[in-house]
Amino acid sequence: MSGTTIHWTALAVFVFFFALVTVLGFVASRWQRGAAAPAQHLDEWGLGGRRFGGWITWFLVGGDFYTAYTVIAVPALVYAVGAYGFFALPYTIVVYPIVFAIMPRLWQAARDAGHVTAADVVYGHYGSRTLELAVALTGVIATMPYIALQLVGMQVVIQALGLQGELPLALAFVILALYTYSAGLRAPALIAFVKDLMIYIVVLAAVVLVPAKLGGYTAVFQAADSAFAAKGGNTGLLLQPAQMLPYATLALGSALAAFMYPHTLTGIFAAKSANTIRKNAVFLPAYTLLLGLIALLGYMAYAANLSIKTPNDVVPALFAKLFPEWFSGFAFAAIAIGALVPAAVMSIGAANLFTRNFWKAYVNPDITPEGQAKVAKLASLVVKLGALVFILFVPTQFALYLQLLGGVWIMQTFPAVVCGLYFKGLRAPALLTGWALGMLTGTVLAFGDGIKPVHSFVLGGHSFAVYTGLFALVINFVVVLAVQAALSMRHHAMPHAHT
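Residues numbered from 1 in each chain as written. Predicted model: local features only at pLDDT ≥ 70, side-chain atom pairs only at ≥ 80, totals over all residues. Heavy atoms only, no water.

**Some details on the overall build of the chain**
Across its full length, the chain carries 22 helices and two strands. What you see for the chain is a C-alpha radius of gyration of 23 Å, in line with the 23 Å of a compact globule of 499 residues. Along the three orthogonal principal directions, the C-alpha set of the chain runs to about 85 × 65 × 40 Å. Counting the 499 residues in the chain, one finds 59% classified as buried. A fraction of 83% describes how many contacts in the chain between residues 6 or more apart in sequence connect residues 24 or more apart. Accessible surface for the chain amounts to roughly 19800 Å². Of this, 70% is attributable to carbon and sulfur atoms. When the 25 basic and 14 acidic side-chain charges of the chain are each reduced to a single mean position, those positions are 6 Å apart. (Helix = DSSP H or I, 4+ residues; strand = E, 2+ residues; numbered from the N terminus. Rg over C-alpha atoms; globule rule 2.2 N^0.38 Å. Buried < 20%, exposed > 50% of the residue type's maximum accessible area, 1.4 Å probe, protein only. Contact = heavy atoms within 4.5 Å. Areas by Shrake-Rupley, 256 points an atom, 1.4 Å probe, with all protein chains shown as cover. Lys, Arg positive; Asp, Glu negative; His and termini not counted. Charge placed at Lys NZ, Arg CZ, Asp CG, Glu CD.)

The structure is reproduced here in structure tokens:
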């Protein structure tokens, strides 16, 4: 398959499955709705009425956590650097104990008080509009480039079909915008069933059939090993000693950040019970197995002797070369649909933040639940349009930079969102100061390193590289504790001043 000729068989299969999920998206407006449910309330549109059970939550959270860009970017990173690209595996293993321990408490706090966003929970705990605004603003800013990168994943497969120009991508996101506007969170939740089933079929077929066509896994690893040996540098089938600390800190930091994003928290808040979340934390690691198999496609690309322009072309080029057109069309449809689910949830999460923590907080405090739903629907359209404009007119590398920064930034909301669930005495000024200095530290270090995810420190003549976001989070926590201690000392000293 050539990228300059339209491949009609693949395109027909692609269009069929894309049309199928479009129909499901519009049908979803009546799915899983209670008999007396207030259809126009924000809870219904933005959280699916908080009635999603175990299976729906599993597919929804998996669908917006393992995205189209994941399918494109993880093999691309493994193709480019080798073993270091597998950091996503320990990251998606470590994250689920964190979900199991923390998210049921966060869900309970949101459910009891009718909160829709993490910033709502923060305001409920601390009563600080400034801290609420900081958490909400961070969430929206961190989400926007994430949505744009879903477009990158879709753009790659559309071009692999032979379609050129921006019109196909724009049309796909117009369709996404319409059914998300109509059905809210129910649309991506229903589509996630189809998306995940298709992705599993594609990946399992690839990891069985591709090595069989290339001489087995021995040939795959030998080809990759030879390519990395020729390339040199920090590449290879095994981590080099200097890579182990940044690898570990990147995995841990990413795990702490993952469920601070508005889209992943939206899936959590939509669950019908705390036990639903616990069960999902137990069973969601099945996706990690899938992710490991997806990552291996990066090695298979070397054995297939692909000729590609960028590492992002690895997966489409691999399927185009080794599979018949109809299956390539099916695989490309799975990846494109894998962009629709997270993009929809991300836009809904950002819209919920805008509605509850900007509009309701500062513009119209007396807005009704129906009014909130209307504002959120319009905001979700603006968010998707912004992401589309961003990817059409801004270089893709800039979106990648912002997404890397977004991970550093969203992690700085962790103390404000999580600590109040366990420690009742924390003060908003301490958390706000920690957030500000964590954001400043992470941003300055990231820009100083050329927007790289790790920063090197020299101690005692030895260099140590750690994930920038995790280091900034440590600074955040230290500042929170220091300011909290200062405020407590001041509080205890005040009565003596009057004696």
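**Some words on the environment of Trp 45**
You can see Trp 45 is positioned in helix 2 (residues 42–47). A sequence separation of 391 residues divides Trp 45 from Ala 436, and the C-alpha atoms of the two residues are 33 Å apart. Among residues more than four places away in sequence, those in contact with Trp 45 are Thr 180, Tyr 181, Ala 183, Gly 184, Leu 185, Ile 348, Ala 351, Asn 352, Ala 376, Lys 377 and Ser 380. Of note is the side chain of Trp 45, whose polar atom sits 3.1 Å from the backbone oxygen of Thr 180. (Polar contact = N/O pair within 3.5 Å; in protein donor to acceptor, adjacent residues only side chain to side chain.)

**A short note on a nonpolar patch on the surface**
Together, Phe 354, Trp 359, Tyr 362 and Val 363 give the surface a local cluster of nonpolar side chains, amounting to about 370 Å² of exposed area. Inspection of the secondary structure puts Val 363 in helix 17 (residues 325–363). A relative accessible area of 51% places Val 363 in the exposed class. (Patch = residues over 30% accessible without salt bridge, like charges linked within 9 Å, V, L, I, M, F, W, Y side chains within 5 Å. Salt bridge = Lys/Arg side-chain N within 4 Å of Asp/Glu carboxyl O.)

**Remarks on the environment of Val 15**
By the secondary structure assignment, Val 15 is in helix 1 (residues 8–27). Look at Val 15 and you get partly exposed, because its relative accessible area is 47%. Residues Val 15 and Lys 309 lie 294 residues apart in sequence; the distance between their C-alpha atoms is 26 Å.

**Let's talk about the environment of Ala 119**
Mapped onto the fold, Ala 119 is located in helix 6 (residues 118–126). Once the C-alpha coordinates of Ala 119 and Pro 262 are considered, the two residues, 143 residues apart in sequence, prove to be 9.6 Å apart. The contacts of Ala 119, once residues within four sequence positions are left out, are Glu 132, Val 135, Ala 136, Leu 353 and Asn 357.

**A short note on helix 6**
Residues of helix 6 that are buried: Ala 118, Ala 119, Asp 120, Val 121, Val 122 and Tyr 126. Next to the buried residues of helix 6 lie helix 5 (88–113), helix 7 (129–160), helix 12 (262–269), helix 17, helix 20 (414–418) and helix 21 (428–448). Just beyond helix 6, the residue with positive phi is Gly 127, at close to 65°.

**Quick look at the side chain of Glu 132**
Turning to its location among the elements, Glu 132 is positioned in helix 7. Judged by relative accessible area, Glu 132 falls into the buried class, the value being 1%. Those residues within four positions of Glu 132 in sequence are excluded, and the remaining contacts are Ala 119, Asp 120, Val 122, Tyr 123, Arg 356, Asn 357 and Ala 361.

**Notes on the packing of helix 16 (residues 314–322) against helix 17**
Running from N to C, helix 16 and helix 17 point in directions that differ by 160°, and their axes come no closer than 9 Å. As the angle between them shows, helix 16 and helix 17 are arranged roughly antiparallel. Helix 17 is crossed by helix 16, and the crossing has right-handed handedness. Contacts from Val 315, Pro 316, Phe 319 and Ala 320 in helix 16 reach Phe 327, Ser 328, Ala 331, Phe 332 and Ile 335 in helix 17. Residue composition of the contact of helix 16 with helix 17, by class: eight nonpolar, one polar and no charged. (Axes fitted to C-alpha atoms, helices over the stretch in contact; angles between N-to-C directions. Parallel < 35°, antiparallel > 145°, perpendicular 65-115°, else oblique. Left-handed = near helix turned anticlockwise from the far one by under 90°. Nonpolar A, V, L, I, M, F, W, Y, C, P; charged D, E, K, R; others polar.)

**Comments concerning the pairing of strand 2 (residues 462–467)**
Pairing of strand 1 (residues 454–459) with strand 2, which is carried by six bridges, proceeds in the antiparallel orientation. Residue pairing for strand 2: His 455 is matched across the bridge by Val 466. Taking the residues that link successive antiparallel strands as the turn, the strand 1-strand 2 hairpin has two residues, and the phi of Gly 460 there is positive, at about 60°. (Pairing = 2+ DSSP bridges.)

**A few points about unusual backbone geometry**
Phi at Asn 305 is positive, roughly 55°, even though this residue is not glycine. Position of Asn 305 among the secondary structure elements: in the loop between helix 15 (297–303) and helix 16. We classify Asn 305 as exposed; its relative accessible area is 63%. Within the chain, Ile 451 stands out as a residue other than glycine whose phi angle is a positive 55°. Its location among the elements puts Ile 451 in the loop between helix 21 and strand 1. Ile 451 gets classed as buried once you look at its relative accessible area, which sits at 10%.

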